[in-house]
Amino acid sequence: MTDTTAGQAPAPVQAPAPVQAPAPVQAPAPVQAPAPVQAADPARERLRRWRLVLGGDQADGTGCTLTGRDAAMDGALAALYGKGDKPQAGRERAAGLGASAPSVARWLGDIRDYFPSSVVQVMQRDAIDRLGLASLLLEPEMLQAVEPDVHLVGTLLSLHKAMPDTTRETARAVVRKVVEELEKRLATRTRATLTGALDRSARVQRPRHHDIDWNRTIAANLKHYLPEYRTVVPERLIGYGRAARSVKKEVVLCIDQSGSMAASVVYASVFGAVLASMRSISTRLVVFDTAVVDLTDQLDDPVDVLFGTQLGGGTDINRALAYCQERITRPAETVVVLISDLYEGGIRDEMLKRVAAMKASGVQFVALLALSDEGAPAYDREHAAALAALGAPAFACTPDLFPEVMAAALEKRPLPIPDPA
């Protein structure tokens, strides 16, 4: 077979096609920044707020119309604050809440949705005062809708004698919720502060080195000062005692349960339960109006204490102090705390004589015009001045300051009286 390829020149090799350069990559188009959110016009915001305050009557002068949530908020405000003492010209802002429990319950739900808790509590108090809604709190569905706070507890306590059985347990649940929140806030600090005060108040004459109370030791040995050595040679050491399980101090809380003292009664009951839980303190709790009631046996549950009070009525401070004075067995180790606005319906001179007698016997006497966050209420300034002249200044005390006041009283040192301003 003949090879047909013999002698033929090889076919030329084809050069590869030139590689095409890649097309230039197009730079991405610049991302457009989002348009800035326009801040609310300050002038418009002020106008809106004024509109909510003034209520939208024809004479408010704002010319501002509310829509959506703002209109709903305005309606909730109008239901409470829309009617003044005089009829308004033109369209009235609102018809009010009326006496319908369902409508009030809906309104309570609305304000909890629109406003913060602190504002809700103020609006609830205003609704009770302005619209006479206290009686509606006797209905369980109403109590389930409200925002619990100290002032609501005071209102419930003033009504609890009239509560039907169907409402009583709901009311106790509301009160217990507030009491537990207060205990959580106040108990730990109170126990720590007073335990330290009790330890420091128990002095020993042969202390260990780290238990020496140097301030008192130096003061007691100043007569042994040696000028040549510029030092004091202590012949007698005074030290802090260690906590013991025996009762060291006795505390008597004497609480005015007149209507104006509602918040103070709530806080004092909580503190009474905290003090009663401390083994080193024997605590007695007495409430009074024109009668005196000893609630000491209920101190293990401040809710029982609160439902044992009866807010309202007159005031007989002298009778209450007489009851407390008769039960003091160790005057030098006793602190009496009178919580009252000092409007005395009893015998004024006898009241002051009792305070003077207790102080002369060694009792530490503390007079609080209020135990609440609101500061001093209206009070009898003449009686407050008379107590101050006896060495028992009367002042308002916040719950946060109360542990410090009690610690000072237990240690028999000056009380941390807040500035009147």
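Below is a short write-up of the structure. In this text, all values refer to a predicted model and were calculated from it rather than measured experimentally.

So, how was this worked out
- The residue count restarts for each chain, going from 1 along the sequence in the order it is written.
- pLDDT decides what is reported in this predicted model: residues at 70 or higher carry local features, side-chain atom pairs at 80 or more are listed and counted, and totals for whole chains, interfaces and linings draw on all residues regardless.
- Side-chain calculation: all heavy atoms of the structure are included, whereas hydrogens and water are not.
- In DSSP terms, a helix is any run of H or I states spanning at least four residues, a strand is any run of E spanning at least two, and both are numbered starting from the N terminus.
- For the exposure calls, accessible area comes from a 1.4 Å probe over protein chains only, and a residue counts as buried if that area is under 20% of its type's maximum, exposed if over 50%, partly exposed in between.
- Pairs of residues are marked as contacts when any of their non-hydrogen atoms sit within 4.5 Å.
- To measure how exposed things are, a 1.4 Å probe is used in the Shrake-Rupley method; for residues, cover is taken only from the protein chains shown.
- Nonpolar cores were defined as sets of buried Ala, Val, Leu, Ile, Met, Phe, Trp, Tyr and Cys residues, with membership established by side-chain atoms within 4.5 Å.
- Salt bridge criterion: a side-chain nitrogen from Lys or Arg within 4 Å of a carboxyl oxygen from Asp or Glu.
- Each axis is a line fitted through C-alpha atoms, and for a helix only the stretch in contact is used; angles between axes span 0 to 180 degrees, taken between their N-to-C directions.
- The labels follow the angle: roughly parallel below 35 degrees, roughly antiparallel above 145, roughly perpendicular from 65 to 115, and oblique for the rest.
- Gly is put with the polar residues, along with every residue not named as nonpolar or charged; the nonpolar set is Ala, Val, Leu, Ile, Met, Phe, Trp, Tyr, Cys and Pro, and the charged set is Asp, Glu, Lys and Arg.
- A clockwise path from the first strand over the helix to the second, with the strands pointing away from the viewer, defines a right-handed crossover.
- For two strands to be treated as a pair, DSSP must find no fewer than two bridges joining them.

When helices and strands are tallied, the protein chain shows 14 helices and 10 strands. Looking at the 421 residues of the protein chain, the share that counts as buried comes to 43%. Sequence separation of 24 or more characterises 73% of the internal contacts of the protein chain that already satisfy a separation of 6 or more. In the structure as shown, the protein chain presents an accessible area of about 23200 Å², 54% of it carried by carbon and sulfur atoms.

Let's shift gears to the nonpolar core. In this structure, Trp-107, Leu-137, Val-337 and Phe-402 are the most contacted members of the largest nonpolar core, which totals 79 residues. Element by element, the count of residues in this core is highest for helix α7 (residues 165-201), at 10 residues. In contact with Val-337, not counting residues within four places along its chain, are Val-252, Leu-253, Cys-254, Val-366, Leu-368, Phe-402 and Met-406. One finds Ile-317, Leu-352, Leu-369 and Ala-386 within the second-largest nonpolar core, a separate group that totals 25 residues.

For the coordinates displayed, the defined rule picks out 19 salt bridges. The shortest N-O distance in the salt bridge between Asp-349 and Arg-348 comes to 3.4 Å. Among the residues examined, Asp-349 registers a relative accessible area of 48% and is labelled partly exposed. We classify Arg-348 as partly exposed; its relative accessible area is 27%. Beyond isolated ion pairs, a larger network of salt bridges with shared partners links Glu-45, Arg-48, Arg-49 and Asp-70.

Working note: a packed helix pair is described by the angle between its axes plus the distance between those axes. Packing of helix α1 (residues 42-54) against helix α2 (residues 68-81) brings their axes to within 9 Å, and their N-to-C directions diverge by 30°. Viewed along their axes, α1 and α2 adopt a mutual orientation that is roughly parallel. Of the residues in α2, those in contact with Arg-48, Arg-51 and Leu-52 of α1 are Asp-70, Asp-74 and Leu-77. The class makeup of the residues in the contact of α1 with α2 is 2 nonpolar, no polar and 4 charged.

What follows covers the pairing of strand β5 (residues 249-256). In terms of burial, β5 is largely enclosed, as 8 of its 8 residues are buried. A two-sided burial pattern is seen for β5, the buried positions comprising Lys-249, Val-251, Leu-253 and Ile-255 on one face and Glu-250, Val-252, Cys-254 and Asp-256 on the other. Read from β5 through helix α9 (residues 262-276) to strand β6 (residues 281-288), the crossover connection turns out right-handed. Pairing of β5 with strand β8 (residues 334-339), which is carried by 6 bridges, proceeds in the parallel orientation. Bridge pairing in β8 links Cys-254 to Leu-338.

Purely geometric numbers; function is a separate question.
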